[in-house]
6 protein chains.
Amino acid sequence: MTGKEERIVYLTDGFVPESQAHISIADAGIVMGATVTEMTRTFRRKPYRLRDHVERLYRSFKYARLGQLEIGREEMVALTEKLIEHNAPLESDGVELGVVHFITPGLFRNYLGGAAGVGKMTPTVCIHSFPLRLNLFRRGLAEGFHAVTPPTRHIPPQCLDPKLKYRSRLHWWIADREAKAVDPAAVTLLLDLEGNITETSGANFMLVRDGVIYSPTTRNILLGVSRKAALEIAAGLGITVVEKDLQLYDAITADEAFVTTTPFCIGAVTRINGLPVGDGTPGPVFEKLLAAWSEEVGVDIRKQVLEFPEEQGEID
Amino acid sequence: MTGKEERIVYLTDGFVPESQAHISIADAGIVMGATVTEMTRTFRRKPYRLRDHVERLYRSFKYARLGQLEIGREEMVALTEKLIEHNAPLESDGVELGVVHFITPGLFRNYLGGAAGVGKMTPTVCIHSFPLRLNLFRRGLAEGFHAVTPPTRHIPPQCLDPKLKYRSRLHWWIADREAKAVDPAAVTLLLDLEGNITETSGANFMLVRDGVIYSPTTRNILLGVSRKAALEIAAGLGITVVEKDLQLYDAITADEAFVTTTPFCIGAVTRINGLPVGDGTPGPVFEKLLAAWSEEVGVDIRKQVLEFPEEQGEID
Amino acid sequence: MTGKEERIVYLTDGFVPESQAHISIADAGIVMGATVTEMTRTFRRKPYRLRDHVERLYRSFKYARLGQLEIGREEMVALTEKLIEHNAPLESDGVELGVVHFITPGLFRNYLGGAAGVGKMTPTVCIHSFPLRLNLFRRGLAEGFHAVTPPTRHIPPQCLDPKLKYRSRLHWWIADREAKAVDPAAVTLLLDLEGNITETSGANFMLVRDGVIYSPTTRNILLGVSRKAALEIAAGLGITVVEKDLQLYDAITADEAFVTTTPFCIGAVTRINGLPVGDGTPGPVFEKLLAAWSEEVGVDIRKQVLEFPEEQGEID
Amino acid sequence: MTGKEERIVYLTDGFVPESQAHISIADAGIVMGATVTEMTRTFRRKPYRLRDHVERLYRSFKYARLGQLEIGREEMVALTEKLIEHNAPLESDGVELGVVHFITPGLFRNYLGGAAGVGKMTPTVCIHSFPLRLNLFRRGLAEGFHAVTPPTRHIPPQCLDPKLKYRSRLHWWIADREAKAVDPAAVTLLLDLEGNITETSGANFMLVRDGVIYSPTTRNILLGVSRKAALEIAAGLGITVVEKDLQLYDAITADEAFVTTTPFCIGAVTRINGLPVGDGTPGPVFEKLLAAWSEEVGVDIRKQVLEFPEEQGEID
Amino acid sequence: MTGKEERIVYLTDGFVPESQAHISIADAGIVMGATVTEMTRTFRRKPYRLRDHVERLYRSFKYARLGQLEIGREEMVALTEKLIEHNAPLESDGVELGVVHFITPGLFRNYLGGAAGVGKMTPTVCIHSFPLRLNLFRRGLAEGFHAVTPPTRHIPPQCLDPKLKYRSRLHWWIADREAKAVDPAAVTLLLDLEGNITETSGANFMLVRDGVIYSPTTRNILLGVSRKAALEIAAGLGITVVEKDLQLYDAITADEAFVTTTPFCIGAVTRINGLPVGDGTPGPVFEKLLAAWSEEVGVDIRKQVLEFPEEQGEID
Amino acid sequence: MTGKEERIVYLTDGFVPESQAHISIADAGIVMGATVTEMTRTFRRKPYRLRDHVERLYRSFKYARLGQLEIGREEMVALTEKLIEHNAPLESDGVELGVVHFITPGLFRNYLGGAAGVGKMTPTVCIHSFPLRLNLFRRGLAEGFHAVTPPTRHIPPQCLDPKLKYRSRLHWWIADREAKAVDPAAVTLLLDLEGNITETSGANFMLVRDGVIYSPTTRNILLGVSRKAALEIAAGLGITVVEKDLQLYDAITADEAFVTTTPFCIGAVTRINGLPVGDGTPGPVFEKLLAAWSEEVGVDIRKQVLEFPEEQGEID
């Protein structure tokens, strides 16, 4: 196989074939989970709101004080586009790309011996892509997800602010296991320390009552790029959006609920902790947003997800 | 260079030369910081309290629900000893080893294309060693550390329990940057959400008043192997140890303070937030513990640290 | 006395004379306080906003997971109207009715012996009415209530959400005793765990500053039917309403304060913890709301309350 | 049927046949859940630690300020013994009794019309018995219970102190539903607002590590009569008991865990949130306590439970 | 020196020369810090928004229950103007006045012996002025302040509400010392117990993103007179202001940040915890507000500050 | 009047007659409440545990970072003794002295004009004495105090640690007013933010159950000198003392409760929030402590208090 035929990955100093893209066991990303990240998807193989993702990546990097970055925002966008240009043709027809950025502070030299143990840390920068398995999200575009709140609470901002898109997410791993004990297909809806709804482990959450969309406050959620898109689309449709602290009662007695997230933009939530939301099916506001969003991206989002082929073998 | 002349690393399926020990960019350890870990050191090139570290590793693994582990405790000990046996002779004379264990849930297959994208997750298991740079800890064995409390608070146990030895530690990275803004040589002493003293980003913290050792409660600290050793040594010396919630006032007005941690066992803390602890020099209880500890391990711990050669080049 | 001459009560399976309407000592309502409830009043013997109350009852029932309910919303409304129709003529002239709904999960069969101890729980459903003793509320329509904050705090939503109208209110009983130690005529104004104003033990609380009405957020208050009515009436009068976290300082330095509640719609609060609110008399915004509300219900609310006859005997 | 052949119930003014023991819909116990309570069991039809239960009942009554009680402690004990004397012979051979006490502030007279609406509240006092269905607890004496922590948190003492044995327990009802969504046979283990382990909805919880029993602090648990018995028995066996804040990590990595409660004294907890405690079977400390307890009460507690006949029909 | 040539101070019973204006060591202001206060400045030697300050002083006094005040609002204004009239001519040309009000409950008579030890407390009322050292604030009008968050948290409103302008500020003294350990020129930006931004020890804090001004909520900040002025000026300029809970992430990733306070109205904040805000220089919204404010007060605020002469000698 | 006939006060630079001991309106003690303090009493005109008080004063001063102190501990003791020697003879026969120390950071020079406005801050140090009005404490030595918990909560240690003896106590002033609304003779018992009992506004609080003394933890109370004395005396009497988090339930259902404080050493608490503690009279443990304490100090403490003459005139 030639490099042309293999996906490429950008790794700190330049592009390498994916099979050579590894992370050192001394990297702060693996040693401390000290990593900021982004995930962008393509529509028709063009990156969607890439600039928003790159801007947030730099905000996260700054806030987390991960070091000095050689690459500027413009170059990051150009490198990303170059990677997509190379990798997209390697995927099957109709397959969209997930494009990942992540940055760590670099190597902990005290884990290395000899000459390698000396010198300053310089950030590890990585861009890579993968074929989006849209089939994993069918539930959200069909009958709707079941959201389950685990006993584990979200990390509060004075410990680690969720507005940072970071990868120290062991608490999400554990929370997911707890939620899946209720329903293996559950999405995990985390409460904060005061019992307010925050976000799922992967998406922003909103609900609808009397035609108005309610979002948790920005106190302990990611300022999602898809969330922002949803709010813009809602504004375009003349739908009021109110940001306030929401509790499970609000969600369970709402008319509708949904999540927004990069891979599939928007998915209905039709059950929470075993109780139906509204009549237990995706609601009209969700449908309006989905339709307008499909229009914005030039792709029928639901169709694309529902028609994505099932995979062979067991997926964990 | 032959394998004999290169350090080896245990990586999931067996030993590999260190230069081939890499982590996939799709590993949950890098993608989510979903990693449990241990760090054991050698004294005279024999691992110290290795079994305690391995036991805790399995407790962390269980609690974090990282999957099914093929390797049992006994085998883990044996593999570790084998690795030390191979790697120790490769280090310079008199150099001790740090031995790291870490386990992640394995690969997130949705980040991989093609056939690799199918199948269950199986844990990534890694054991590796490195030469302990004891010179980094001189301050703790000489004039004593300066502990600084940053504005960032420690993550509470209902979000992610610090009794788990985990690697989702971006909050520690940030807290360290905040503390080093006060003193570049500071050790970072984290408070919990109620303002109680927890631990430093790397060690357990204790204080001494009227000959009694006070430790924070086990609510939000690591149950350190060195902490346990210190408590045993204190018991052997007839020193009372009391576990209770401690606040900065207790530490700042204490007679002595110290930290316990794997790389250098025990280090004095002689300043906190710019104020001297006691008379600002290492105190008698610290000295007694250090002496007894040196005896237990058959190494003069202070001498070993203070005589360790300075390195060339800049260390970050 | 014939059934015609005695009040009737709806109790799970049908109407019974009030004298036969009892609750089993094994009912979950008495054993666990596991009860959701509503209180509707009549104006001119027609139920006021009955549908709002019934809708909330079903939301509470759903959230509390009290079981499967045979009766639908429409039937619940019809049963209620039938009860009023029967009971209203039995009260003295000019007396309005309080109409209570409550539902429990039914009998805890393990408290019963023999055959009764076997079988599933089926909800206990009760509707009953009583003559509204409007004289109890004179203070609120005349010189204004004295609100007192007890040391007991309101239960937070992650323990039991006050948006649920439930009957596990022992904490209110105790809080009332504490407040009445300051002033036997006090209404009890509860703070939440963060010191925000929530509600009284029986009414929603609002304040007025510079012509704007401020309400606590919906985080830890009942979404009162009278509160909603007040907000609609305020909107009709062109009065701005702002929802935000309020503290005692806001209330004590406000221009006006008032409560809204089913039995008397709205009552002035003119003292808080011994300090006058504004000039210590009911204010102009309160008066406007009271006038508009009286118009909406076709009854002079203040007059009806103030002219209600005093009762004989001691009331506790 | 003669009174002799029907169970009797003590209800405020005297004994009545069980079939006539009802609670008014205006009773504060049903209207506000303003009820303090006790549950005592018999061993060989003699009440076990009845005086401890009665003492706590009076402490709860005092703290909750439910009114003035005519009956003194001695009389309460005597009434209880008289009730057992009458009711015990009515149960099948070998069946033990659960004896319930509860007290409420009495009738809310504003819910009553006419003359009944006037007068002071006087407490409702009830004592009743039922045959203990020991078969419901088999799991705890055989393979051990599965404890599950729901997202709902326990009510903190500054809202309503769990040291009070009260009946405003709707939050427990909801928490039980959440836990049973994980495992229909789960016992519900509640965390407090800081994530500490409190108690189950019905029992005290303790764990064992290295031969030492650890109990949550008395901050937010019931001071259980069975807990006290367990601590006394442990003392008698020379087992150390430590009271401290415990988190899920402590429980999940413990050697053993168990609950103590009136109906069956002590039951093993062998799984928590799906993870085995120790080796997943009842442990040696549990067995020692159970044996000593059986000796104290003169009944083989496990045998009595395991041999209790299964019931016919569905139990919910 | 004649009285004419010395500043006067109003002290409880009348004006006295400044050299005779002392506080008793038994005054509740010194014994308990039980003091409410205000600071007004002049522009061109006329007091700015004096009435707003006096109104707040009376609100603070009322809330703090400091006693009975003989002097009414009108008289307080008149006394203040009289004091300015007398004291202003005594300052150098071009120097503006800071005018301080403070009130305490008066003398703790138990600290006094003999006849003085008997009688009721009567409030100590003080008005005094001083020449504003505008040079101290240059940084805020030039390159911008560096705001640093200390580990100490602001006192929450259920302990002592910051909406009260009070003088029990030892926590600010300590927090200032902590912040100055990072940067001796730092302004101290306090977080609340939940990690929200509150205010600096002396000013309100706001930030700007996408042309919108964001202010912390009024939950735990002073309702600053300058803050109110800023909001009015922003409204006049058509700038939207949003009040919401803000965290450090919001501030560090904002386009601009600034503080508002009596001595210099508004100052840019261009660094927070060592990180630049926006491009690290005062931003356009700040400049617009400064210009409009200068217009409102008829003084070029920046020029007045920057041209104020440096002082001789060391200032602490 | 000669100096001999007037009390003297130590004020920063030396002794002055009491009539000349004033605090500047620019002193940080009055401007910010930035003051640490002590209160020592005499027994038979000899200071009691003076060294303990002076040691704590220096700990408070250090923690609060009030500056550089010229006077050392020994000199402080000597100055205090000298002051007592001078002042004691000036009081009536049999009158004991309260001796107060307080230290502030000194003058805020920006509040001063001209030359005084330049220079570093130097601490204000004050020692003064007053005749102890023991009659104010009769209740505690006779029928016992009534402790009342106000809605205001104590300031938590991460804002301002109560282990510091400081004077920023406006929250205590307000809390006292709230408690006195329940009972004008109440002592104010503050809860912390989690609802634990802390201390009264002036004394440490303890309770007794089954012969064991329980004290709140040192988390948020003053480490009282009298508390320490009480613990020593209890130890001498063979009474066990347990330190743990206590809630109102513990206090209200205790056998006894009492406070310890400098002016009268120990006082019974026989009512809490209107409910009797134990039988509502001072209990046997209190009596034992009082007797032993009287012996230690060589004075019958109760007699001294109860026989102290009532004062003429109104005391506030």
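Before going into details, it helps to say that this report is about the structure given with it. (Residues numbered from 1 in each chain as written. Chains lettered and ligands numbered in written order. Predicted model: local features only at pLDDT ≥ 70, side-chain atom pairs only at ≥ 80, totals over all residues. Heavy atoms only, no water.)

## Here we look at the overall build of chain A
For clarity, the cut-off: For the purposes of this entry, the term helix denotes a DSSP run of H or I that reaches at least four residues, the term strand denotes a run of E that reaches at least two, and both are numbered from the N terminus. As defined in this context, the radius of gyration uses C-alpha atoms, and a globule is described by 2.2 Å times the residue total to the power 0.38. Every accessible area reported is derived by Shrake-Rupley at a probe size of 1.4 Å, with residue values counting cover from the shown protein chains alone.
For chain A, the helix and strand inventory stands at nine helices and 16 strands. Here the C-alpha radius of gyration of chain A, 20 Å, is about what a compact globule of 316 residues would show, namely 20 Å. For chain A, the spread of C-alpha atoms along the three principal axes comes to 65 × 45 × 40 Å. When the accessible surface of chain A is split by element, carbon and sulfur atoms take 52% of a total near 10500 Å².

## Thoughts on the packing of aromatic side chains
To be explicit about the condition: Any two rings among Phe, Tyr and Trp, with Trp reduced to its six-membered ring, count as a pair given centres within 6.5 Å; such a pair is stacked if its planes are under 30 degrees apart, edge-to-face if over 60, and tilted if neither. Whether a charge sits over a ring comes down to the Lys NZ or Arg CZ being within 6 Å of the ring centre and within 35 degrees of the ring normal.
For the structure shown, the criterion picks out 42 aromatic pairs over all chains. Centroid distance Trp173 of chain E to Phe108 of chain F: 6.2 Å. Interplanar angle 65 degrees. Geometry classified as edge-to-face. Taken together, the residues Trp173 of chain E in helix α5 (residues 170-180) and Phe108 of chain F in the loop between β6 (97-104) and β7 (124-131) connect one chain to another. By way of ring pairs, the aromatic residues Phe137, Phe145 and Phe264 of chain A are connected into one cluster. Cation over ring: Arg41 of chain D sits above Phe43 of chain D, and NZ or CZ is 3.7 Å from the ring centre. One Lys or Arg, Arg177 of chain F, reaches over the ring of Trp173 of chain F and ends 3.8 Å from the middle of that ring.

## As for the state of the cysteines
How we decide: Note that a disulfide, as used here, is simply two cysteine sulfur atoms within 2.5 Å.
Within the structure shown, the criterion is met by zero disulfides over all chains. Sulfur of Cys159 of chain B: no disulfide; nearest cysteine sulfur belongs to Cys159 of chain A and is 6.7 Å away.

## Observations concerning the relation of the copies chain A and chain E
Note the following rule: Superposing copies: least-squares fit, C-alpha atoms only, residues required to have pLDDT of at least 70 in both. The contact criterion used throughout is that any non-hydrogen atoms of two residues lie within 4.5 Å.
Once turned by 120 degrees and shifted 0.0 Å along the axis, chain A lies on chain E with an RMSD of 0.0 Å. Given the turn and translation reported, the copies of this chain are related as if by a three-fold rotation axis. Interface residue correspondence from chain A to chain E reaches only 7%, placing this contact among heterologous pairings that use different surfaces.

## Thoughts on the environment of Leu190 of chain B
Residue and element names in this part refer to chain B. Selection criterion: We call a residue buried when its accessible area falls under 20% of the maximum for its residue type, exposed when it is over 50%, and partly exposed in between, using a 1.4 Å probe and counting protein chains only.
When you line up the elements, Leu190 lands in strand β9 (residues 187-191). The class of Leu190 is buried, set by a relative accessible area of 0%. Placed 164 residues apart in sequence, Leu190 and Ala26 show a C-alpha to C-alpha distance of 32 Å. With residues up to four places along the chain from it excluded, the contact list for Leu190 reads Thr152, Arg153, His154, Trp172, Ala175, Asn196, Ile197, Thr198, Glu199, Thr200 and Ser201.

## What to know about the sheet that holds strand β1 (residues 8-11) of chain C
Residue and element names in this part refer to chain C. The test is simple: Paired strands, as defined in this entry, are two strands with at least two bridges between them according to DSSP.
Strand order in this open sheet of six strands is β2-β1-β7-β6-β4-β5, and the pairing throughout is antiparallel. A strand with exactly one partner marks an edge of an open sheet, and here the two such strands are β2 (15-17) and β5 (46-47). Pairing of strand β4 (residues 36-43) with strand β6 (residues 97-104), which is carried by six bridges, proceeds in the antiparallel orientation. When the bridges of β6 are listed, Arg41 appears paired with Gly98.

As far as function goes, none of this settles anything; it's purely spatial.
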